[in-house]
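Spelled out from the first residue to the last, the chains are:
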Amino acid sequence: MKIKSVRARKVLNSRKKPTIEITINKKYSAAAPSGASTGEHEIKAYPTQGIDFAIDFINKFKHLKGIKIERFQDLKQVEKLLPIIKGNPMIALEFAILKAASKNKVWHFLNPNADDLPMPLGNVVGGGAHIKTKEKPDMQEFLLLPEKTDFADAKFANEYVHKLVGEKLGGAKMTDEGAWAPQMDTISILDLIKSVIDKVEKELGVKIGIGLDVAASEFFDGKNYKYTNYSKKIPKKNLTVKEQINFMEIITKKYKLTYVEDAFQENDFDSFKELKRRTKTLVCGDDLTTTNLERLRKAKDSINAIIIKPNQIGSLIKTKEAVDFALKNKIVPVISHRSGETMDASISHLAVAWDIPIIKCGIHGKERQAKLKELLKIKKELK
Ligand code: 2PG
Ligand code: MG
């Protein structure tokens, strides 16, 4: 495929905030997502001059025309030419190029031998930086992770639990990612989810694990983890680092959590390591690692799972390097949406092509469903 035209424009994401969409050869478009709980080690989403500057720059830039993209590594030419456009424009550009090169069959272009789908990790309850109300859960996401099974069954199980939890909560608000946001403490939320899962597991015959994205940097003040909804009896509580490790160990064991993301602040490699030593759960880094190979190398002994968000590092080439390193070192890569999303489903294609076993993309809302439905479509195309 030869790049003949590149057009950038502004569109709104699920949070009604502007983001960038890029169209290649007048037909193939992709848009970038954006985070709310962004890690301090993430690359900047836009150049300092802002989104309009990036759009204008891309629209005036002539040197992409004529570039041939025959294989994934050809994206290196694009990254070399445009290092100044930063994370979001680069990812929208690279996704759009891959769509054009593959006529929208990105997974096949990247790996025609791919033969499996990831399991969906979806949030059912949430809080933290993903909702503006004052009274909200401290932890950002309470997640569902079905044990390996048919993708469509897992998708349905998550949706069913989401619906039943919503009925029990009766009228709770929703986070940016379509999870319920009740005014409840951590333990009560876990109890509620557990009771619904017990029922659904029996009814559907699908095993469902509970997961958390604590997004702990968001309520760490440099010394303590400051809870405002710690428990029913003691809503306000400050936990020291040691107490946070103990609390995470206790709830991981009590609720048999199968996945725990960012349980500690983004530079505390030691506490991640300690939780990994004490439990059998997937101890996952997100703000800790920011899809950055150097940070992943540093975190190698601290985690056994890593969130993969292409716009955290602003390069699909580097994203792939992080995934390859993780797979080689028995660290489970988890490809992920952002809280501000678009209808773009490129991460679904990357999950299949790169043998990524888990996709974190929410459950409810059209932008989240777009990724899940794309996987159902890909399922039909696999050999
Ligand atoms: C996270 C993500 C997605 P954000 O922390 O894992 O759920 O949130 O995009 O706001 O960083
Ligand atoms: Mg996270």
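Residues numbered from 1 in each chain as written. Chains lettered and ligands numbered in written order. Predicted model: local features only at pLDDT ≥ 70, side-chain atom pairs only at ≥ 80, totals over all residues. Heavy atoms only, no water.

Now for the side chain of Glu201. As for its placement among the helices and strands, Glu201 is situated in helix H6 (residues 186-204). Relative accessible area serves as the criterion here: at 17%, Glu201 is assigned to the buried category. Excluding residues that lie within four positions of it along the chain, Glu201 makes contacts with Val206, Lys207 and Ile208. (Helix = DSSP H or I, 4+ residues; strand = E, 2+ residues; numbered from the N terminus. Buried < 20%, exposed > 50% of the residue type's maximum accessible area, 1.4 Å probe, protein only. Contact = heavy atoms within 4.5 Å.)

Right, let's get into the environment of Val165. Its location among the elements puts Val165 in helix H5 (residues 151-169). By relative accessible area, which is 0% here, Val165 ends up buried. With 41 residues separating them along the chain, Val165 and Val124 place their C-alpha atoms 7.6 Å apart. Ignoring sequence-local partners within four residues, the contact set of Val165 consists of Val124, Val125, Trp180, Leu192 and Val196.

The protein atoms that coordinate the magnesium ion (ligand 2) are Asp213 (OD), Glu261 (OE) and Asp286 (OD), at distances of 2.0 to 2.2 Å. All donors of the magnesium ion (ligand 2) come from a single chain, and their spacing in sequence reads D-x47-E-x24-D. Here the residue Asp213 occupies a position in strand E8 (residues 208-213), and Glu261 occupies one in strand E11 (residues 259-261), the gap between them amounting to 48 residues. For the pair shown, Asp213 and Glu261 are each scored as buried. (Donors = N, O, S within 2.8 Å, 3.2 Å for Na, K, Ca; no water.)

A word on the pattern of salt bridges. Evaluated as defined, the whole model comprises 27 salt bridges. Arg338 is paired through a salt bridge with Glu42; the nearest N and O atoms lie 3.1 Å apart. Of the two residues, Arg338 is situated in the loop between strand E14 (332-336) and helix H12 (346-353) and Glu42 in the loop between strand E3 (28-31) and helix H1 (51-60); the sequence distance between them amounts to 296 residues. What makes Glu42 buried here is its relative accessible area of 11%. Note that Lys60 is salt-bridged to Asp56, the shortest N-O span being 2.9 Å. With Lys60 and Asp56 both in helix H1 and four residues apart, this pair spans about one turn of that helix. Look at Lys60 and you get exposed, because its relative accessible area is 57%. (Salt bridge = Lys/Arg side-chain N within 4 Å of Asp/Glu carboxyl O.)

Along its sequence, the chain is organised into domain 1 (6-110) and domain 2 (119-381). Using C-alpha coordinates to define each centre, domain 1 is positioned 26 Å away from domain 2. Taken together, the contact between domain 1 and domain 2 spans 37 residues of the former and 36 residues of the latter. Roughly 3100 Å² is buried in total at the junction of domain 1 and domain 2, and carbon and sulfur atoms are behind 57% of that figure. Among the residues domain 1 hides against domain 2, the three largest losses belong to Ser37, His41 and Trp107. Together they make up 22% of the total. Connecting domain 1 to domain 2 are three salt bridges. Put simply, Asp176 and Arg15 hold a salt bridge, and the shortest N to O gap is 2.8 Å. Along the contact surface separating domain 1 from domain 2 lie 24 residue pairs in polar contact (both at pLDDT 80 or more). Top contributing element to the side of domain 1 that touches domain 2 by residue count: helix H3 (residues 87-102), with eight residues. Residue composition of the side of domain 1 that touches domain 2, by class: 15 nonpolar, 14 polar and eight charged. (Domains from an automatic or database assignment. Buried area = accessible area lost by both parts, 1.4 Å probe. Polar contact = N/O pair within 3.5 Å; in protein donor to acceptor, adjacent residues only side chain to side chain. Nonpolar A, V, L, I, M, F, W, Y, C, P; charged D, E, K, R; others polar.)

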